[in-house]
Structure formats: C-alpha cells, structure tokens
Amino acid sequence: MTAQLLDGKATAAVIRRELAERIAKLTALTGRPPGLGTVLVGDDPGSRAYVAGKHHDCAEAGIASLRRELPADATQHQVEDVIDELNADPACTGYIVQLPLPRHLDAGAVLERMDPAKDADGLHPVNLGRLTLGVEAPLPCTPRGIVELLRRYEVPLAGARVCVVGRGITVGRPIGLLLTRRSENATVTLCHTGTKGLAWHVREADIVVAAAGSPGLITKDMLRPGAAVLDVGITRTEHGPAGDVHPEAAEVAGWLAPMPGGVGPMTRAMLLANVVEAAERNATAV
Ligand SMILES: Nc1nc(=O)c2c([nH]1)NC[C@@H]1CN(c3ccc(C(=O)N[C@@H](CCC(=O)O)C(=O)O)cc3)C=[N+]21
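Analysis parameters
Residues numbered from 1 in each chain as written. Predicted model: local features only at pLDDT ≥ 70, side-chain atom pairs only at ≥ 80, totals over all residues. Heavy atoms only, no water. Helix = DSSP H or I, 4+ residues; strand = E, 2+ residues; numbered from the N terminus. Rg over C-alpha atoms; globule rule 2.2 N^0.38 Å. Buried < 20%, exposed > 50% of the residue type's maximum accessible area, 1.4 Å probe, protein only. Contact = heavy atoms within 4.5 Å. Areas by Shrake-Rupley, 256 points an atom, 1.4 Å probe, with all protein chains shown as cover. Lys, Arg positive; Asp, Glu negative; His and termini not counted. Charge placed at Lys NZ, Arg CZ, Asp CG, Glu CD. 1 Å grid on protein atoms, 1.4 Å probe; cavity = no way out; pocket = protein on both sides within 12 Å on 5 of 7 lines; lining within 4 Å. Points joined across faces, edges and corners; volume = space filled by probe spheres on them. Nonpolar A, V, L, I, M, F, W, Y, C, P; charged D, E, K, R; others polar. Pairing = 2+ DSSP bridges. Axes fitted to C-alpha atoms, helices over the stretch in contact; angles between N-to-C directions. Core = buried A, V, L, I, M, F, W, Y, C linked by side-chain atoms within 4.5 Å. Domains from an automatic or database assignment.

S.K.: How do you make sense of the overall build of the chain when you look at a structure like this?
M.R.: When its secondary structure is counted, the chain shows nine helices and eleven strands. Relative to its length of 286 residues, the chain is compact, with a C-alpha radius of gyration of 19 Å against a globular reference of 19 Å. Based on the C-alpha atoms only, the size of the chain along its principal axes is roughly 55 × 40 × 35 Å. Put simply, the chain has 286 residues, and 49% of those count as buried. Intrachain contacts of the chain at a sequence separation of at least 6 include 72% that bridge at least 24 residues. In the form shown here, the chain has an accessible surface area of approximately 13400 Å², with 55% of it arising from carbon and sulfur atoms. For the chain, the distance from the average position of its 29 positive side-chain charges to the average position of its 33 negative side-chain charges is 4 Å.

And the structure:
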C-alpha cells in the first residue's frame, strides 16, 4: 500500500481563498482590514521563518500585518509592554507570541497578559479553559488544522481510535479536547516520553498524530495497516527539517499528512481563520 496524501498545502490554499472573500467583505464593511500581530523575541532562524510565512499569508489574503520584534535579551517588562500595546491597538484584531520564548522569560505570564479576545493562537488559559468546557473560543491552530484536514478528506473520526504522541501545549495537550467533542466523537490516547509500550498504543490506532519532536520516531512496523498518519514533528537536522514519521511509514499508512506539506500549512491557514473570526465578532458587536 502507498498512503493517500492528506495534502495540507493544497487544502490550505483553498481555505485561504475562502477566507480572502470574507476578509474583502469585512474590509468593505468596517473600512479597514483585519490585522494580525506577531511578537518575535530573539533571532532563532526557524522562528523568524515561521513568522515571515505568517505575514506572507496575511498579505495574500488581505490581512494587515503588525510585526513586533524584540532582541534575545529583552526583559519580561519589555515583552509585556508590547503585549499591552497590541491589546490596546484597534488595528490589531488578533496576535500571536511566537513560541518558544528565550528561557529567561516567563512565557506563561506573557500569554496570560494577552487579551483573550485577541488570542489568535487559542493558547490563552481562558481560551484553553473554554475549549475544555465546550464554550466557543478561538481554537489552537495546529489541532484545528488537523481536524479540518481530516474532515476535508473524509477520514472517519466518529468512534476512531486516535493515538497522539507528544504532550506539548500547542498540539498534544489540546488536540484531545477537540477530537473528543461530541461533533468529532473520537477516542484519544495521549502518549509521551514516559509512555510504556508506545508501539502497542500506536498500533491500536486508526489515526496517529505524531507531535513529539523526535525525528523518525514513528516507524512502519508500529502502524496498523491503513491508518491515517499525521506528521506534526519538525526538527532541524544537518540534513534539513525532519518529521516524526519515518519515510517508510508511507508504505503501511492508508493516509499520510507529510512534513512538509501536511499539517504545517494548515496551521498557518487556521491562524488566519482565527483572525477573520475575531474580526467578524468585532464587526457584529458594533
Ligand atoms: N505561538 C506560536 N504559534 C504557533 O503556531 C507556533 C509557534 N508559536 N512556534 C513554533 C510552531 C511551529 N509552527 C509551524 C507552523 C507552520 C509550519 C509550516 O508551514 N511548515 C511547512 C514548511 C516546513 C519547513 O520546511 O520549515 C510545511 O510543513 O510544509 C511549520 C511550523 C507554528 N508554531
């Protein structure tokens, strides 16, 4: 078997076109385009590239960009001043703080200082709390992108056994909350570096979400033949970026969202979707 491609790149392009129409309407209605802010601290080349990609997507879709950059040695106070400024700026519909922050900074305190209504990443504790309670909130972009990709390719979710590998706050922790909603109705097992018998858990799964950040972790012998496999890992190696899914897994999987070209572009598209939805909420509130 060779896995069917879950083409995140093509799907994200379709979503961006759908969003561009809504953005054009909003801009005409309110007299100004929605604005996405990014806060980048330090000069990690990976982070810089992701942020540049987000602004590229914004320009294409008609969203204004507000870039805020701080040096690697910025103080907590300086970062929080930028947060306060974006919270107060009416041109900023939503924004993200690019993670990880340099280690001397308290990322939790920075996230908590954000206005939850402007949280384009869905990572503010209030929004994660709302997700837990099933109350409407901006959703974390990568989990939302994964659900959207599975839906558009009609990968069955109801009753499916999903194995998530990785417990990070952007993917592993929140994705179970989305997939176990009544509307998705999947059953989720969350595995991590402390899991005993990882291969057994992965082999039980109809859907595997690999988000551990460990190159080649998921090998073909671990998979149930025909499983849908989503590679969310990205590790910069001397041979270029590597995913969590071993390339040979494509021989056994039924569907594969590869890295690159799978979940990454969907994550970016969902960030735009969160900004558009925040702008639509603002437009109907006045
Ligand atoms: N506050 C915050 N929000 C994030 O959403 C966030 C973050 N911090 N920190 C870092 C991670 C990483 N991330 C990616 C998004 C898109 C691609 C992406 O588009 N990847 C392409 C290219 C991969 C490449 O070659 O670099 C692909 O998979 O096809 C990758 C990684 C968002 N993150």
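That covers the picture; the talk isn't over yet.
S.K.: I would appreciate a short explanation of helix α7 (residues 172–179) in the present structure.
M.R.: Every α-helical turn comprises 3.6 residues, leaving residues that sit three or four positions apart pointing alike. Burial within α7 is extensive, with six of its eight residues counted as buried. The set of residues buried in α7 consists of Gly172, Pro174, Ile175, Gly176, Leu178 and Leu179. Buried-residue contacts for α7 involve α5 (125–133), α6 (141–152), β5 (161–165), β6 (187–191) and β7 (207–210).

S.K.: Even after reading the chapter, I still don't get empty space enclosed by the protein, so can you show me in this structure?
M.R.: Gaps between atoms show up when a probe of the same size as a water molecule is rolled over them. In the structure shown here, the tally under the stated rule is one cavity of 30 Å³ or more. The space that makes up the largest cavity amounts to roughly 30 Å³. Lining the largest cavity are Thr93, Gly94, Ala117, Lys118, Asp119, Ala120, Pro138, Asn274, Ala278 and Arg281. Looking at which element gives the most residues to the lining of the largest cavity, the answer is helix α9 (residues 263–285), with three residues. Of the residues in the lining of the largest cavity, the class split is four nonpolar, three polar and three charged.

S.K.: Before we go on, may I ask you to explain unusual backbone geometry in this structure?
M.R.: With the exception of glycine, the majority of residues adopt a negative phi angle, and the majority of peptide bonds are in the trans configuration. Here the residue pair leucine 99 and proline 100 is connected by a cis peptide bond, since its omega of 0° sits within 30 degrees of zero. With respect to the secondary-structure elements, proline 100 resides in the loop between β4 (94–97) and α4 (107–113). In this model, methionine 259 is joined to proline 260 through a cis peptide bond whose omega is 0°. The residue proline 260 is located in the loop between β11 (255–257) and α9 in this model. A positive phi angle is found at glutamate 154, which is not glycine, with a value near 55°. For glutamate 154, the position within the fold is in the loop between α6 and β5. Overall, the relative accessible area of 67% leaves glutamate 154 in the exposed class. If you check the backbone angles, asparagine 185 has positive phi at about 65° while not being a glycine. Within the fold, asparagine 185 resides in the loop between α7 and β6.

S.K.: For this particular structure, what's the right way to read the sheet that holds strand β3 (residues 64–70)?
M.R.: Each strand in a sheet pairs with its neighbour through backbone hydrogen bonds, running either in the same direction (parallel) or in the opposite one (antiparallel). Across the sheet, three strands lie side by side as β3-β2-β4; this open sheet has parallel pairing. Looking along the sheet, the strands with just one partner apiece sit at the ends: β3 and β4. Adjacent strand axes in the sheet meet at a mean angle of 15°, parallel and antiparallel pairs treated alike. Note: strand β2 (residues 35–41) against β3, seven bridges, orientation parallel. Residue pairing in the sheet places glycine 35 in a bridge with alanine 64 of β3. Relative to the sheet, helix α2 (residues 45–61) contacts β2, β3 and β4, its axis offset from that of β2 by approximately 170°. Where helix α3 (residues 76–88) meets the sheet, it contacts β2, β3 and β4, and its direction lies at approximately 165° from that of β3.

S.K.: I'm lost on the nonpolar core in this one. Help?
M.R.: Grouped together as the largest cluster of nonpolar side chains are 47 residues, with contacts concentrated most on Ile63, Ile146, Leu150, Ile207, Val209 and Leu230. Of all the secondary-structure elements, those providing two or more residues to this core are α1 (8–30), α2, α6, β5, α7, β7, β8 (228–231) and α9. The leading source of residues in this core is α9, at eleven residues. Here this core spans two domains, since at least three of its residues come from each of domain 1 (31–117) and domain 2 (141–264). Sequence-distant contacts of isoleucine 146, defined by excluding residues within four places in its chain, comprise Val171, Ile175, Val209, Leu230, Val232 and Val263.

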